[in-house]
Structures are given as C-alpha cells and as structure tokens.
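Spelled out, the chains give:
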Amino acid sequence: MLTMWSSAVSLASTKQTTLIFCKSQNVFAVLTCSSSACSARIKMPLSLRYRVKKESNKPRLAGFCFVTLVWIFIFFSHLPATAASSSSPDAPGESSPSVPLDEPRIHGDGVVNVIIIGATGDLSRRYLWQGFFNLVNEEKDQKFHFYAGSRIGTDEGEREMKRILEQNVSCSRVPASVAMTAEECERARAVYRDSVTYHMLKKTDDYEKLCNNIHRKMQSVRLEEVGRMFYFAVPAFAYAGIAENINKVCRPTGKAWLRAVLEKPFGHDTASAKKLSSALKEHLAENEIYRIDHYLGKTGVQSILPFRSLNQKTFGEIWNSENVERVEIVMKESLDSKGRIYFYDKYGVMRDVMQNHLTEIMALVAMEIPTNLSSIHDYQREKLALLSQVDHMTTDQAVIGQYESYADEWREETENGEDETSTVPTFAGVLFFISSPRWKGVPFLMLSGKKLDKKETYLRIVFKSSHFCTITPDYTEGDHACRPKQIIFFIGSRGLPTVAVSRSLPKPQVPNSWRVLELDPGADILGLPAKDFNAYSAGAESDAYSVLIKECYYGNRDKFIGSSELVASWDIWTPLLAVLEDIPPRRYPGGRDSGRWLDMEIKGRKLRFSHDVDGTWNVEDSNRYGMPSTSGISKTFRSGALHTGSKEETVSLLAKHLLIAARSAIATRGAFHVAFPGGSTPESLFLHLFLRMRHRFPWRETHVWFTDERCVPLTSEHSNFNQIYSKLLQYIPIPYTSLHPMPVQLTNGLCSTEDGGPDLYASEIKRLVPDQRFDFVVLGVGEDGHVASLFPYNDAMFGKTNNVLLSEGAVQSSIPRRMTLGFSAINNSRNIGVLIIGDRKHKIVDRLKQTHFTDASELPVLAVIPNNGTLSWFIDHDALL
Ligand code: BG6
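What counts, and at which threshold
Residues numbered from 1 in each chain as written. Predicted model: local features only at pLDDT ≥ 70, side-chain atom pairs only at ≥ 80, totals over all residues. Heavy atoms only, no water. Helix = DSSP H or I, 4+ residues; strand = E, 2+ residues; numbered from the N terminus. Buried < 20%, exposed > 50% of the residue type's maximum accessible area, 1.4 Å probe, protein only. Contact = heavy atoms within 4.5 Å. Areas by Shrake-Rupley, 256 points an atom, 1.4 Å probe, with all protein chains shown as cover. Near = heavy atom within 4 Å. Polar contact = N/O pair within 3.5 Å; in protein donor to acceptor, adjacent residues only side chain to side chain. Nonpolar A, V, L, I, M, F, W, Y, C, P; charged D, E, K, R; others polar. Axes fitted to C-alpha atoms, helices over the stretch in contact; angles between N-to-C directions. Parallel < 35°, antiparallel > 145°, perpendicular 65-115°, else oblique. Left-handed = near helix turned anticlockwise from the far one by under 90°. Salt bridge = Lys/Arg side-chain N within 4 Å of Asp/Glu carboxyl O. Expected span 1.5 Å × (residues − 1). Arc of directions from axis to C-beta. Pairing = 2+ DSSP bridges. Right-handed = clockwise from strand over helix to strand, strands pointing away. Patch = residues over 30% accessible without salt bridge, like charges linked within 9 Å, V, L, I, M, F, W, Y side chains within 5 Å. Lys, Arg positive; Asp, Glu negative; His and termini not counted. Charge placed at Lys NZ, Arg CZ, Asp CG, Glu CD. Phe/Tyr/Trp six-rings, centres within 6.5 Å; stacked < 30°, edge-to-face > 60°. Lys NZ or Arg CZ within 6 Å of the ring centre and 35° of its normal. pLDDT = per-residue confidence, 0-100.

## Section: the overall build of the protein chain
Then, number 1: In terms of regular secondary structure, the protein chain is built from 23 helices and 36 strands.
Then, number 2: The buried share among the 881 residues of the protein chain stands at 54%.
Then, number 3: Once local pairs closer than 6 in sequence are excluded, the contacts in the protein chain between residues at least 24 apart make up 74%.
Then, number 4: Entry remark: accessible area of the protein chain is about 39,600 Å², with carbon and sulfur atoms responsible for 52%.

Written out as structure tokens, the structure is:
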C-alpha cells in the first residue's frame, strides 16, 4: 500500500516562475509557469520509475495528483498572457510548430541529448567538443548523451571522432571555476569520450536511425529526456534540409525541449536572410532556433548591458547626444584571410563581422535598457527599436580597403587567372547615425579590418567636456577633472581591463564578482595613461563558444539572434553594401606598414580617408591634427595658410590681413603698396573696406595698384579701375596721385604695343615701390585657374623677368586682350592673398586640393609661389566645402 505523505497543493512563487506541486511519496507532479507559458509534468526518481511498473497504484496516485494540476494549469493558462508574449517580435507564426515561447527550463533529472552535425569539421574540432566537455563539467548534476553526425561513413567517422576527442578536448581548457583535480578531469575526459556515438547523417533515413538510437538509449537508461540540442556546424545552405529531417523524424517527444544552434552566415543580405529564416521556420519554431554570434559570448560584450543597468543613475543621464561626442566600435585583426578565401571572398569584412558582431555591440551600447533585463521580450523589443532607428547610410559614410597580398592569396585559393581580381573589402570604416532622441547627431564609428597592426577589439564612448582648468591640475593627487572622459569596454583582449572608466567621470559601480585591476602606472589605454582610468576585470575571458553552449543549455535566448533582429540588422547593411559594390577598395600594405594609410576623418555626416591615394594629405577633409575646429577644416591649403568661414567672414579676414600689412609697411617704409584684381570676386572686399574700414584704414599712405586691366577705356564699365573706383576709391580719402591704373589707353589706342604700356607700368612700379616689392597682392582665381590675366596654356606668361605684360589669353571673353602683372612681380610681393568665393568656384578649389596637381601651365595659379613672402588663401565655405 502506498502511504500518502502529502497531497496538498502548494504554491510557491518566484519572480519568474510559479511552481505548483503535488507530492505523494516521491512522485512529484509539477506545474511550471513562466511569464508567458505553463507546462506540467510528472517527476519521479529512477528507482521509483522502475517500481512503478510493478506497483500499479503509484501511477494512479500520480495521475490523481496530475489531474488536480491540470485544473490549476487550465486556470493559470487562462490568465492574461504577458503583453510581451503576444507582441514578441519573434513569436512563432501560424505555420510554425507550436512550442511555448519561454519553455520551462527542465534540467537536472533526466538526459539532455546533444547532436553535433558537422562533428568532424573545423568549428567542432576547435571549439564545440571542448565547449560541451566544459558544459559537462560545469553541470555535473545533468546527464548528457552525445551524438556526432557528419556525412562521412560510419567506420571512418568513428575513427575520426576518436581522434578528435583525444586530441581536441583538453583539461587545460576547462574553466578554472570548475573544481576538479587533474585526475578527476582525466577520468571525466574518458567518460566524455565514451559518451559520444557517431552517426552518418545524409538522408532522412539516417536521421530516423539516429533518433531511434536516441530513443533506445533513453529506454535503456530509464531516464526522461529533458531536451535535445542540435548543433548545426555545417554550411548554411544545408540548414533547411537538416531542419526538415529533424522536424520529420527526430523531434523529442513529450515536454522535452528542442534547440537548434546555427552558425553564421545567416544570409548575405535582407532577402537571403529572410528566405533562410522562412525556410527554417517551416520546420522549427522561432524559440527553437538559436542563431549563434560568438561575440555575444565574450566577457566584454556580456558586460555592456549589466554595466549600463547598474550605473543607470550615474551614467544614464549622460548616455546621450548632449554629452557623448562619439562612439567607436573597433575590431582590428592582425591575421589575414589566408586559408578561408573561398568563404571570405563571398562576404568581405562588412558581412563577415560588421553586420553581426559589431552591430550587436552597437545595439548593446545604444539601445534603451530593457525594463526587465532577464526578459527576452523586453530585450528583443528594445534591440529591434534601436536597429530600426539607424539612419540609412550612403557611400559618403563608408571607406573600404583591401590588403595588398589579398589578390595573390585569392588567385592561389580560387585558381583565378592573373588578369582577374577580387574587390572584396578586407577593411572598412563606417559612420552611423541613429535617429532617436537619445542619439541624434552622435557619430558611431565602426571599423574593422584584416591584417592590421594588432588584434584589438573595443567599444569606446567618448564624452564631451565643458571643463576648463585654470590652475594646472595635480594628477598625482587624483585631480583628473580636466582629462578626457571615456568609457572603454575591451572585448577578448588578454591583459586589458573589461571596462576602463576615466577618472574624470564618476566612479562606476561594478558587479561584486568583478575586481579592480591594478594596471602598470606606465601603461597606456588607447594612448591615454592607464592611471587616468578606474579599470575593472570581469574575470578571465572564457572561450565564447563554451559560454554560449551553456547559455543555450539554459535557454537564454537573449544571447542569440532572433529572426526579426537578424532582418533588422541586414536592413541596415544591405543598401550600403549594394552601393559599395562599384567602389574599388583602397589597397593597403598591411600590418604597421599601412602607416597612416587607413586613417579616416569624420566630417559632419561623412567619413573619408585622411590621405589621398597619391599619399598626400586630403587637405579638404583632413586636418592633420584631428581637430574638429570649424567643421574639421584644415588650417592649410596647398603650401599656404588657409582662412575660411562664411563669405563675410572670409572677406573680413582678408581685410584684417590688409590692415595689419598696411600698418606694418607704413611703419617700416612709410607707405603701403597694394595691388587689387578685377572681376566680381573682390567686390565684396571693396564693400567691406568701404563700410568697415573707411575711417580706420591708413588710406593716405596707401598706393593702389592693379594686378591686371582689360583693354578698354578706364571709364568703361568693364574696366577694373572703374570698378574699384566706383565701389571704393571715390569714397575714401586717398590722394589721386596714389592711384595707379594700368596704362591701357595711350596715344595709339587700346593696349597698342607701340605705346609700350607694360614697360611704362613696370617703370612706375620701379620708381615708386621699394625694391619693386608690393606689400600686398590680392588675387582672384578664375574657374579655369587663371590669376590676374595669366591664363592656362600660355607659356610666354611664365617669363621670369616680365613684371608687366600684355595677354591674349582670355579666349572666352568678349575683351580677350589684357594688361597684367607677370609672375615675377606677383611672386616678388611681400604678401599674397588669394581670394576665392562662392560655390561657382567649388570645382576649381576641388582641383587645387589635389596636391599632386602641379602643372602651372594647366592651372596658372599654381605658379604663384612667393620668392620671399607669404601666401595665404582666403576661401569661403561655399567654395571650399
Ligand atoms: C569570425 C569571423 O566570426 O570572427 C572571422 O568570421 C574573425 O573573420 C573572427 O576573424 C574573429 O573572432 P575572434 O573571436 O578571434 O575575435
């Protein structure tokens, strides 16, 4: 007779789960309810199960108990499901096999069957067999049975598996947290080896056989199956077929869970990712699919959300565009792609690591912290919201490169001919913006590349600073407020902290299990002294696969990629990948030889390499010192100083330079000799001199000369003299003897050679200008690159001795003939200011930026090289940017 200890129905409630159990003898009927689903099952010890066969009362008793539970179960399952369960982005569709979203985590008693498909492949050898060995040792109370599957025939497969388990599973790679002596570990290793059964898996029949064997083994050990984990360590094209076979013939029965772990790549763009997902969903429910991204198993990555959550009070308020200057997500690799070009060439760096590993990191740093950190639904909802807020990217937001030896490796491994080449990028920098109230306008710079100077992965949040220290801080006393403010997460880097927080920021809170890291005071962290940081270690970096295998065993789906998140991530990348198809990557030597070759600059919403392809600085966009200044503009232009701003600012700067030069010349030589150009450009300068400097400028000591003049009467509206006279000279107190118009109209008509106008002007210069050196020559630049009236392809102009000459070069003009200063007079000047204004001049400025252009015959302005004076460029934003 059976004695009933208790038939009471108890209710114990934890945060996540409600357990209702009905206990009689050692038979438990258990109802488990998570936030979104309930399940019931009967548990009994193995010894009892054996006796149950003989003692017919027991099942009846358990049955009674179970019926009670079923009523309670029905009651609970009619409670409103959590909002999350119905709105989960990845709730299984109608056609999916129906499995509760958060299945009960049944562990402990019973067996978990693990089937590795592709068991003899590289991934399995390197990570999986060791990962599962670690799991076995960490979860000693759980029984596991292992099945190895591959397309190799049974005999050979068994031999191969023996070798792999012998050679690739080691006690030295078991986490230190597992308490085991060396002997115990060796014993465990032997048991592990024996627990693996090999199966050839090609056809549905093979899967059927495998599953019959699993079933038989379960029967023979008389244990309940609690879950079945399939690890797909095979290429993605095989996924759908395998999933179909599993669904058809190899699903576990009863309440045992099924989990299919899949390796990337999950498609190569949105369409293919969707296609693969729907193919899988025909056979597996969403919550049975565990897409692995091994970066989510890295300590640094796993620390991001908990750190943010713990420090929500301190850093939550500054985690936004008001305070964050930029976010960097950097994954540098020193290795090349040798040996896996066949795979790599189809993907390239953006599909290989950016769409997955680095986008995951971006989501973790930028998403809103889920209300309930342990709810997969909250987590997925916030992650999806973030991914959908990433702005569409254009080619201006990416730079790509390929290391030089890639081409040879590619030919070798793909057997392509000499004249063929691959343009797959092995390096990329990408600039993201996120249109959320929190992140609006904050640049997120993502960067990754093969064959770089070192292996280093980090996430860095750089904060703005409004601090100014008047008294030099005493850093030895811990006075760090004036130092840069950053939070850095290092990912998978040995010897470096998991998190480093500038001492100029509040001291963070960290989980109790973390330890403060004492860094060598002489060391640096990303170029800053280590002593500037509070540094913490979250523990020794465990192998990411081992970590994720365990997460899968526990059913922690937030450590895996859901279908919706996958598609959202591909939605970010697909348009950019498409537009970059036609852009050839920049070749880089690799390693440290790459020098500054791959440096880049953020300018507004654009990202550019700082260097031009010819190795010169890309002056427009670069600013060698990396100063953001006014929109990141350099202080130099070609070989001269650059002064820029709006049109008004630029003109005002030139006027100031004129004033300074005038005062200095008058102080030393008693007069100021300036030559002005014609055309429309200087009009705004004349206006400025009139409006703002009419009274301040030393006009009485100033001599006004001309860089050039059209061959028209000086009273003509086309005359340069007339223009400046009508705009400025007639209004200022300048003696008329100080005005020096060019003598274009003498006795024999306009610019007649017989009159010798150029010589007359040259003698006047000689007579009046000390050392024949103007104090200041102002030049405009034509759209064709001409200065004064020195036009392209007119080599006679370059004679060194002609201070003044006649020019025929203005071919497009109705008045082609001009008189002009020659380069000798211009270059002899003490100061030369080149004024370029308006977007009409943008093209010519763009050409001038290309410093490899040196042909002055094509662009005469390039012949402006002062002998012993200064050259300054005054270019307004419209022309420059
Ligand atoms: C893989 C990529 O996902 O990650 C490789 O396919 C890359 O190209 C690797 O080298 C980097 O991983 P880890 O763990 O070495 O940083």
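## Re the site of the ligand
Then, number 1: Looking at the ligand, the residues that line it are Lys264, His294, Tyr295, Lys298, Met331, Glu333, Arg340, Asp352, Val353, His357, Lys450 and Lys455.
Then, number 2: Contact distances for the ligand include 2.8 Å between an oxygen atom and a side-chain N or O atom of histidine 294.
Then, number 3: Between the ligand and the protein, one listed contact pairs an oxygen atom with a side-chain N or O atom of glutamate 333 at 2.6 Å.
Then, number 4: For the ligand, whose unbound accessible area comes to 400 Å², protein coverage reaches 78%.
Then, number 5: Ranked by residues supplied to the shell around the ligand, first place goes to helix H12 (residues 341-366) with three residues.
Then, number 6: Among the residues forming the shell around the ligand, the class breakdown is three nonpolar, two polar and seven charged.

## Some details on helix H14 (residues 406-414)
Then, number 1: Buried within H14 are the following residues: Tyr406, Ala407, Glu409, Trp410 and Arg411.
Then, number 2: The first or second residue beyond H14 is glutamate 415, which carries a positive phi of 55 degrees.

## Remarks on the packing of helix H18 (residues 683-693) against helix H19 (residues 720-727)
Then, number 1: Between H18 and H19, whose axes approach to 9 Å, the crossing angle comes to 30 degrees. Between H18 and H19, the interaxial angle falls into the category roughly parallel. Judged by the sense of rotation from one axis to the other, the crossing of H18 with H19 is right-handed. Residues Glu683, Phe686 and Phe690 of H18 touch H19, and the partners they reach there are Gln723, Ile724 and Lys727.
Then, number 2: Per-class residue counts for the contact of H18 with H19 are three nonpolar, one polar and two charged.

## Concerning the pattern of salt bridges
Then, number 1: One pass over the structure, following the stated rule, counts 38 salt bridges.
Then, number 2: The residue arginine 326 makes a salt bridge to glutamate 325 at a minimum N-O spacing of 3.8 Å.
Then, number 3: On the basis of relative accessible area, arginine 326 is assigned to the partly exposed category, the value being 25%.
Then, number 4: The partner of lysine 383 in a salt bridge is glutamate 360, and the shortest N-O contact between them spans 2.6 Å.

## So, helix H7 (residues 204-221)
Then, number 1: Helix length check: H7 (18 residues) gives 26 Å between terminal C-alpha atoms against 26 Å at 1.5 Å per residue, within 8%.
Then, number 2: Taken together, the buried positions of H7 are Asp206, Tyr207, Leu210, Cys211, Ile214 and Met218. The arc that holds the buried residues of H7, viewed along the axis, is 135 degrees, so those residues lie on one side. Turned more than 90 degrees away from the buried face of H7 sit Asp205, Lys209, Arg216 and Ser220, all of them exposed.

## Focus on the pairing of strand S9 (residues 257-262)
Then, number 1: Within S9, six of the six residues are buried, which leaves it mostly tucked inside the rest of the structure.
Then, number 2: Judged by which residues are buried, S9 turns out to be covered on both faces: Trp257, Arg259 and Val261 on one side and Leu258, Ala260 and Leu262 on the other are all buried.
Then, number 3: Relative to S9, strand S8 (residues 225-232) is paired through six bridges, and the arrangement is parallel. What sits directly across from methionine 229, in S9, is arginine 259.
Then, number 4: Where the polypeptide runs from S8 across helix H8 (residues 239-249) and back to S9, its parallel neighbour, the crossover connection is right-handed.
Then, number 5: Pairing geometry for S9 and strand S10 (residues 289-291), over three bridges, is parallel. Paired with leucine 262 across the two strands is arginine 291, which belongs to S10.

## Overview of the side chain of serine 195
Then, number 1: Topologically, serine 195 is positioned in the loop between helix H6 (182-194) and strand S7 (196-200).
Then, number 2: Residue class for serine 195 comes out buried when judged on its relative accessible area of 14%.
Then, number 3: Those residues in contact with serine 195 that lie beyond four places of it in its chain are His145, Phe146 and Lys217.

## Describing the sheet that holds S10
Then, number 1: Read from one edge to the other, the open sheet built from six strands follows the order S7-S6-S5-S8-S9-S10, with strand pairing classed as parallel. The open sheet is flanked by S7 and S10, the only strands paired with a single partner. The sheet shows a mean angle of 20 degrees between the axes of neighbouring strands, direction not considered.
Then, number 2: By the bridge criterion, five bridges tie strand S6 (residues 143-150) to S7 in an arrangement that is parallel. Paired with phenylalanine 146 across the strands is valine 196, a residue of S7.
Then, number 3: Where helix H5 (residues 154-168) meets the sheet, its contacts fall on S6 and S7, and the angle it forms with S7 comes to roughly 145 degrees.

## Describing a positive patch on the surface
Then, number 1: A surface patch of positive charge is lined by Arg151, Lys202, Lys203 and Lys209.
Then, number 2: Here lysine 202 shows up in the loop between S7 and H7.
Then, number 3: For lysine 202, a relative accessible area of 41% translates into the label partly exposed.

## Re the packing of aromatic side chains
Then, number 1: In this structure the tally under the stated criterion is 33 aromatic pairs.
Then, number 2: Consider the rings of phenylalanine 133 and tyrosine 192, whose centres lie 5.1 Å apart with planes at 35 degrees: the pair is tilted. Remark: tyrosine 192 occurs in helix H6 and phenylalanine 133 occurs in helix H4 (residues 122-138); sequence separation between them is 59 residues. In terms of burial, phenylalanine 133 and tyrosine 192 fall into one category: buried.
Then, number 3: Ring centres 4.9 Å apart and planes at 70 degrees place the aromatic pair tyrosine 290 and phenylalanine 560 in the edge-to-face group. Residue tyrosine 290 is found in strand S10, and its partner phenylalanine 560 is found in the loop between helix H15 (544-553) and helix H16 (563-580); the two are separated by 270 residues along the sequence.
Then, number 4: For tyrosine 290, a relative accessible area of 0% gives the class buried.
Then, number 5: The class for phenylalanine 560 is buried, based on a relative accessible area of 2%.
Then, number 6: These aromatic residues form a ring-pair network of at least three members: Trp129, Phe132, Phe133, Phe144, Phe146, Tyr192, Tyr231, Tyr553 and Tyr554.
Then, number 7: Directly above the ring of tryptophan 257 sits arginine 259, whose terminal nitrogen or CZ lies 3.6 Å from the centroid.

## What about the confidence of the model for the protein chain?
The predicted coordinates should not be examined in detail at positions where pLDDT is low.
Then, number 1: Per-residue confidence for the protein chain gives a mean pLDDT of 85, with 84% of residues at or over 70.
Then, number 2: Long-range and interchain partners of residues 1-89, a stretch whose pLDDT sits below 50, account for 148 contacts in this model, where long-range means more than four residues apart.
Then, number 3: Per-residue pLDDT stays below 50 along residues 91-106; that stretch engages in 48 contacts with residues further than four places along the chain or on separate chains.

## Some remarks on unusual backbone geometry
Then, number 1: Cis geometry marks the peptide bond from lysine 264 to proline 265, where omega comes out at 10 degrees.
Then, number 2: Relative to the helices and strands, proline 265 resides in the loop between S9 and helix H9 (270-281).
Then, number 3: Residue arginine 222 is not a glycine yet carries a positive backbone phi of 55 degrees.
Then, number 4: Within the fold, arginine 222 resides in the loop between H7 and S8.

## Re the sheet that holds strand S36 (residues 870-876)
Then, number 1: The strand order S25-S26-S36-S35-S32-S27-S28 describes an open sheet built from seven strands, whose pairing is mixed. Only two strands of the sheet have a single neighbouring strand rather than two, namely strand S25 (636-637) and strand S28 (702-706).
Then, number 2: Where strand S27 (residues 672-676) and S28 come together, five bridges link them in parallel fashion. Across the sheet, the residue bridging to phenylalanine 676 is phenylalanine 706, located in S28.
Then, number 3: Its contacts with the sheet place helix H20 (residues 757-768) against S27 and S28, and it is angled at close to 155 degrees to S28.

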